[in-house]
Amino acid sequence: MVRWGVLSTGSIVNDFVLALKRTPDAELYAVASRTQAAADEFASKHGFQRAYEGYAALVADEQVEIVYIATPHAFHCDNILMCLEAGKHVLSEKPMAVNAQQTEACIAKAKEKNLFLMEGMWTRFFPTTRAVRKAVTDGAIGKVISVTASLGFKSEPEFNERLFLPELAGGALFDVGIYPAMWISMVLGTPQKVTAQAVMTASGVDSQTFATFEYDNGAMAHMQCSFNGCLQNEIVIVGETGFIKVSAPTQAPDTYSITTRQDEKFDPLLQRGKTVTVTTPLDPPHYGEAPGYNFVGSQGFVYEAMAVHEALKNKWIEHPEMPLAETLAMAKIFDQVRAQIGLRYPWDKD
Ligand SMILES: NC(=O)C1=CN([C@@H]2O[C@H](COP(=O)(O)OP(=O)(O)OC[C@H]3O[C@@H](n4cnc5c(N)ncnc54)[C@H](OP(=O)(O)O)[C@@H]3O)[C@@H](O)[C@H]2O)C=CC1
Ligand SMILES: O=C1OC[C@@H](O)[C@H](O)[C@H]1O
């Protein structure tokens, strides 16, 4: 069994824990909150054995093997370092940290302590994502020339204040932009050049950011994220001999289609070819019909939790499907995007 501890009692921890209950070999051991009352309530709702006031108290518990961190973005780095220092493996919600310098510090500490660390890019472990990655790697659509990826929804401070507060590292880029950015990164790797534009809120975070990634091999990608409205929420990967579309919700995908040249009659201008659509239903299968979850597709956290268990069993300090180098590379790209769009947080130096 893997003894899990979770930091915070917020919206996503609820969903993660519901999925953990369905993950083989997961033991819901401890929860910590800023207040004892919230920790107690969460523990009794979900059946945790220990409930702690303060994150440090949970981290001091020797029985905890791995900690799932789901605090606001601004605290991830401190939380991760505290856990690693105490000898705990860590799964941190996205983004791992709020700039490249912090991300580097977290990765260095994990390596120093020989402990597992991963940014919670749960999308990576869905069967659909894995199938798309394999199709691209196997050359099903030929050399990739472009990726367009978007994720956006209408949000207001009333929905969740943290999304709009600079002191919590709010903004669309970190909250949702990281999903399309990581889809692009999975397919094309790290871009050589990035150009970005944004719409800013009165509170000083980005409510919408669009960025273009350019690659030395001639490929290009476009990333869109928004709190101002529902974007297409689709991934389109175009290769020289076909294309792949991943349907919404692309952060928790269950469906993709692949269109390839069927034969000599393929007409590129008509975009017709042989299209195969593949759906891998979640369990429970339907979006919006998973009782108790706050977010669509959260049943799919099982895949991420299983990947973490696989890593721990094999004594890996990182998972090959969401490697630390990729997290760091994207943190560096996001530093550039933030500089270009003027997204500054209180701790940023001039
Ligand atoms: N993978 C996914 O699908 C999703 C991932 N996320 C990620 O999860 C993380 C948390 O998001 P979410 O659950 O929506 O956030 P919430 O605002 O719902 O919860 C955050 C929790 O962090 C704790 N916290 C500690 N310090 C503060 C502070 N100063 N202000 C507010 N809360 C604080 C609180 O728990 P307590 O009081 O118990 O200590 C709070 O409940 C983020 O990294 C986010 O990007 C979010 C949604 C979906
Ligand atoms: O990761 C996330 O996915 C769903 C969004 O609603 C949420 O704000 C974000 O943190």
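Reading the values: rules and limits
Sequence order as written defines residue numbering, which begins from 1 separately in each chain. Chain labels run from A onward and ligand labels from 1 onward, assigned in the order the entries are written. For a predicted model such as this one, the threshold for reporting local features is a pLDDT of at least 70, and the threshold for listing and counting side-chain atom pairs is 80 or more; totals across whole chains, interfaces and linings nevertheless cover every residue. Computation of side-chain values: all heavy atoms of the structure, hydrogens and water removed. Nearness of a residue to a molecule or strand requires only that one of the residue's heavy atoms be within 4 Å of it. Each polar contact in these results corresponds to two N or O atoms within 3.5 Å; when the atoms are within protein, one needs to be able to donate a hydrogen and the other to accept it, and residues that are neighboring in sequence are counted only if both atoms are side-chain atoms. Methods summary: accessible areas were calculated by the Shrake-Rupley approach with a probe of 1.4 Å, and residue burial reflects only the protein chains presented. Buriedness of a pocket was judged along seven lines, with at least five required to meet protein on both sides within 12 Å; pockets are open sets of points on a 1 Å grid over the protein atoms alone, cavities are sets where a 1.4 Å probe fits but cannot get out, and lining residues have an atom within 4 Å of a point. Whether a molecule sits in a cavity or pocket is decided by its atoms, more than half of which must lie within 2 Å of the grid points. Where helices are involved, their axes are fitted lines through C-alpha atoms of the stretch in contact, as for all axes, and angles between N-to-C directions lie from 0 to 180°. In DSSP terms, a helix is any run of H or I states spanning at least four residues, a strand is any run of E spanning at least two, and both are numbered starting from the N terminus. For classification purposes, angles smaller than 35 degrees are called roughly parallel, those larger than 145 roughly antiparallel, those between 65 and 115 roughly perpendicular, and all remaining angles oblique. A contact between two residues is defined here by any heavy atoms of the two lying within 4.5 Å. UniProt positions are given in the numbering used here, feature names are shortened, and annotations may be inferred rather than shown by experiment. Grid points are joined across faces, edges and corners, and a volume is the space filled by probe spheres set on the points. We call Asp, Glu, Lys and Arg charged. Ala, Val, Leu, Ile, Met, Phe, Trp, Tyr, Cys and Pro are nonpolar, and the rest, Gly among them, are polar. Two strands pair under a simple rule: DSSP has to find at least two bridges between them.

Could you give an account of the site of ligand 2, with specific residues and numbers?
As a matter of local geometry, ligand 2 sits amid K94, F153, R162, D175, Y179 and F295. Contacts to ligand 2 include D175, whose side-chain N or O atom sits 2.5 Å from an oxygen atom. Contact between ligand 2 and Y179: an oxygen atom at 2.7 Å from a side-chain N or O atom of the residue. Contact with the protein chains removes 84% of the 270 Å² of surface that ligand 2 exposes when unbound. Mapping ligand 2 onto the cavity grids shows that it belongs to the largest pocket.

If you had to explain the site of ligand 1 to someone new, which residues and values would you point to?
Of all residues adjacent to ligand 1, which total 24 residues, the nearest are T9, S33, Y55, H73 and K94. Contact between ligand 1 and R34: an oxygen atom at 2.9 Å from a main-chain N or O atom of the residue. Here E93 contributes a side-chain N or O atom positioned 3.4 Å from a nitrogen atom of ligand 1. Within the complex, the protein chains bury 85% of what would otherwise be the 900 Å² of accessible surface of ligand 1. Cavity membership is defined here by more than half of the atoms lying within 2 Å of grid points; on that basis ligand 1 lies in the largest pocket.

A description of the packing of helix α4 (residues 76-85) against helix α5 (residues 100-113) should follow, citing residues and the corresponding values.
Packing of α4 against α5 brings their axes to within 10 Å, and their N-to-C directions diverge by 10 degrees. As judged from the angle between their axes, α4 and α5 are roughly parallel. Residue-level inspection shows C77, I80, L81, L84 and E85 of α4 in contact with α5, the latter providing Q102, A105, C106, K109, A110 and K113.

Give me the UniProt feature "domain: GFO/IDH/MocA-like oxidoreductase" (unreviewed entry) in the protein chain: which residues, what numbers.
The feature "domain: GFO/IDH/MocA-like oxidoreductase" (unreviewed entry), as annotated in UniProt, sits at residues 130-244 in this numbering. End C-alpha to end C-alpha, residues 130-244 measures 13 Å, and it is 22% helix and 36% strand.

Explain empty space enclosed by the protein to me, using residue names and the numbers behind them.
Over the atoms rolls a probe the size of a water molecule, and in doing so it shows where empty space is left. Counted under the stated rule, the structure contains 2 cavities of 30 Å³ or more. Along the walls of the largest cavity sit 15 residues, with P95, A97, E119, T327 and A331 positioned nearest its centre. Where the lining of the largest cavity is concerned, the elements lending two or more residues are α7 (172-188) and α9 (324-341). Residue composition of the lining of the largest cavity, grouped by class: 10 nonpolar, 3 polar and 2 charged. Empty space within the second largest cavity amounts to approximately 40 Å³. Lining the second largest cavity are M121, T123, R124, T129, Y179, M182, W183 and M186.

Lay out the sheet that holds strand β7 (residues 144-152) in plain terms, naming residues and giving numbers.
Ordered in space as β8-β9-β10-β7-β11-β12-β13-β14, the 8 strands form an open sheet in which the pairing is mixed. At either end of the open sheet lies a strand with only one pairing partner, and these are β8 (193-200) and β14 (274-279). Put simply, the sheet's adjacent strands are angled 10 degrees from each other on average, direction ignored. Relative to strand β11 (residues 235-239), β7 runs antiparallel, the two sharing 5 bridges. Within the sheet, the bridge partner assigned to T148 lies in β11 and is V236. Taken strand by strand, α9 contacts β8 and β9 (206-214), and its axis lies near 50 degrees from that of β8.

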